[in-house]
Amino acid sequence: MNLFNGRWLLEHRPPQEMINLQYHSGTNPIPNLIRLKPSWLFVLCVMVVSNVGAWQMKQAPLMTPWAALVDTNNPLPEYPRPQLVRTNWLNFNGLWQFQAGATNDPVPTGQTLSGQILVPFPMESAISGVMQYYAFSWYRRTFTVPSDWSGQRIILHLDAVDWQSTVYVNGQKVGVHKGGYDPFSYDITPYLTGSGAQELILQVYSPEDNGGQPRGKQTLYPGGIMYTSSSGIWQPAWLEPVDASGISGLRIIPDVDNSQVRLTVNCYATSGVTVVATVLSNGVAINTGTGSPQTELDIPVPNPNLWSPENPFLYDLQISVIHNGATNDSVTSYFGMRKISISVVNGVPKIFLNNQAYFGIGPLDQGFWPDGIYTAPTDAALEYDLQMEKAFGFNAVRKHIKVERQRWYYWADTLGILVWQDMPSCSSYTGNPSPPAVDPLDFIAELSAMVTNHWNSPAIIMWDLFNEGQGEAGSGNGVGQTNTAYLVSLVKTLDPSRLVNQASGGSYFGVGDVLDYHSYPDPGDPTSATQAPVDGEFGGIAWHVTGHLWNPAQAGTSYLLASSLDNFASLYDGYINEAINFKSPANGGL
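Residues numbered from 1 in each chain as written. Predicted model: local features only at pLDDT ≥ 70, side-chain atom pairs only at ≥ 80, totals over all residues. Heavy atoms only, no water.

Structural notes on helix H1 (residues 379-391)
Each α-helix winds once per 3.6 residues, and so residues spaced three or four apart point in a common direction.
Next, step 1: The end-to-end C-alpha distance of H1 is 18 Å, a good match for the 18 Å that 13 residues give at a rise of 1.5 Å each.
Next, step 2: Asp 379, Ala 381, Leu 382, Glu 383, Tyr 384, Asp 385, Leu 386, Met 388 and Glu 389 are the residues of H1 that are buried.
Next, step 3: Looking one or two places after H1, you find Gly 393, whose phi comes out positive at around 100 degrees. (Helix = DSSP H or I, 4+ residues; strand = E, 2+ residues; numbered from the N terminus. Expected span 1.5 Å × (residues − 1). Buried < 20%, exposed > 50% of the residue type's maximum accessible area, 1.4 Å probe, protein only.)

Written out as structure tokens, the structure reads:
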């Protein structure tokens, strides 16, 4: 099978049930578990909470082996931001106080809340210990800032809260954030009092189906191809000290054609600040660039070792900020020398990786866990999903209408798999004949945040704006949505280094880099002279495994129900071969 061609296949749509296959490797006593849908089976921690009753993990209809490995005193202890790493930080994951709320609740400053929740697992999940949805809720905890952080700015990070959060520190309102998939942070230094215990409170509002916000496949009425909602804090919460002139963000653009990396270092202050950045290969310094913050540095990378799924080589970065002659901040990062583009071959536009036509194939990865819902129980579980996708022979994955936490992209970068990144859709597959209106400005803000928060990952090669018309202008439930052509232009302006997909499976307006069809169960054969034709979804084969169904009585059949694993494999091989045939000159030469 020639993988180096220009046709892309991403399959398949899952029905309701989640299938779990256990694999044992060697002498490893812990079973590895891959979660697949039936269509292709796809530091330092400081915690202070009051004893408000014994917390206990709930039991979902399905639990993964990793749930038993969750350390409730220090869950997800890995540094949460692999492409901008500092040595000092506090992990705020763990048990917080929690209780349901209402619209006009007073802020419960200084009060002990009625329950507990394990952060950062969404309240609907079994691992959270709550396993219940509340439209309004309160989170509370106390913390102490280490004494050796004195003189630095104290930054609170919340990597994702679904959907609206209001943050209070020591009874003072710090800010309000809307958006369930993007990280945000606050400089809480002015709100701290002395050197003792500090109080942190979050009020969360999560409308789910009752709002027009991006929510992907979350719903309060799970069934079919829609799944349990994930409200509240569902990605890491943490604290770090940063110098007043420290680094606030990075923009890393690999320039394969010119053998260089284009690096912009953004800082909280710029006056009198110098940035020094060194590129390393296998620990050996290659080149160093020096310049000003907020200004692009072009650092040569001679004879670049190009990143690809077959060779996921990553260069390291060491970046320092010098202010008035003193080094006030240092971070590490990484990047891959990778180029993605469109070129025409025999009259057909094709996707090129590193200036070579590339044939990609992968699963529709929806990122739902039976025990953690949106949040994988451990980092090892997160990694294992991608390991198994590669083990199945895939070189690509479509992250389906969900945005993952940063470490998922780190593993994609490290293991080597190409990512089509979907924007979570609004009003997804709703049965409501009059769905809530989509707020176009909010959609633009959340779409822009997705791009700018993940644009340094070499694994991500394409941004998918819509899926099957859900929440899109011109569709039955696209009330109030901004037009597709404008959004394609917006994303292309933000990130011209990647491809932009107007819509996977429609609606189509002739804009963007690809024409992405969905066809079930057989693959389709789209044609275009101006966009690269791709098959975003096909297949939909279900295979029911006893003991691995969420609800056997409701297990779906998808488009085809396999009678056995051998039958499943036979059906799959047939569809893949059918798709491969579309590459022949007689079938359009795709």
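Thoughts on the pairing of strand E6 (residues 115-119)
Next, step 1: Of all 5 residues in E6, 5 are buried, a share of seventy percent or more.
Next, step 2: Of the two faces of E6, both are covered, the one formed by Gly 115, Ile 117 and Val 119 as well as the one formed by Gln 116 and Leu 118.
Next, step 3: Where strand E5 (residues 94-100) lies against E6, 5 bridges are found, and the strand directions are antiparallel. Counted as the bridge partner of Gly 94 is Val 119 from E6. (Pairing = 2+ DSSP bridges.)

A closer look at the sheet that holds strand E18 (residues 247-255)
Next, step 1: With respect to topology, 3 strands assemble into an open sheet ordered E18-E19-E22, the strand pairing being antiparallel. In this open sheet, the two edge strands, each paired with only one partner strand, are E18 and strand E22 (296-300). Across the sheet, the mean angle separating the axes of adjacent strands is 25 degrees when strand polarity is ignored.
Next, step 2: Relative to E22, strand E19 (residues 260-267) is paired through 5 bridges, and the arrangement is antiparallel. (Axes fitted to C-alpha atoms, helices over the stretch in contact; angles between N-to-C directions.)

Observations regarding unusual backbone geometry
For residues besides glycine, phi is generally negative; the peptide bonds are generally trans as well.
Next, step 1: In this structure, the amide linkage connecting Gly 506 to the following residue, Ser 507, adopts the cis form with an omega of 0 degrees.
Next, step 2: If you trace the backbone, Ser 507 turns up in the loop between strand E32 (499-501) and strand E33 (514-518).
Next, step 3: Put simply, Tyr 520 and Pro 521 share a cis peptide bond, and its omega is -10 degrees.
Next, step 4: Notably, Ser 259 is not glycine yet its phi reads approximately 50 degrees, a positive angle.
Next, step 5: Relative to the elements of secondary structure, Ser 259 occurs in the loop between E18 and E19.
Next, step 6: The class for Ser 259 is partly exposed, based on a relative accessible area of 26%.

Structural notes on the environment of Asp 298
Next, step 1: If you trace the backbone, Asp 298 turns up in strand E22.
Next, step 2: Separated by 40 residues in sequence, Asp 298 and Asn 258 place their C-alpha atoms 9.9 Å apart.
Next, step 3: Those residues in contact with Asp 298, other than ones at most four positions away along the chain, are Gln 260, Val 261 and Arg 262. (Contact = heavy atoms within 4.5 Å.)

A look at the packing of H1 against helix H2 (residues 406-415)
Next, step 1: Taken N-terminus to C-terminus, the directions of H1 and H2 make an angle of 40 degrees; their axes are 10 Å apart at the nearest point. In terms of orientation, H1 lies oblique with respect to H2. In this structure, H1 crosses over H2, and the sense of that crossing is right-handed. Each of Asp 379, Leu 382, Glu 383, Leu 386, Gln 387 and Lys 390 in H1 lies in contact with H2, whose residues at this interface are Arg 407, Trp 408, Trp 411, Ala 412 and Leu 415.
Next, step 2: By residue class, the composition of the contact of H1 with H2 is 6 nonpolar, 1 polar and 4 charged. (Parallel < 35°, antiparallel > 145°, perpendicular 65-115°, else oblique. Left-handed = near helix turned anticlockwise from the far one by under 90°. Nonpolar A, V, L, I, M, F, W, Y, C, P; charged D, E, K, R; others polar.)

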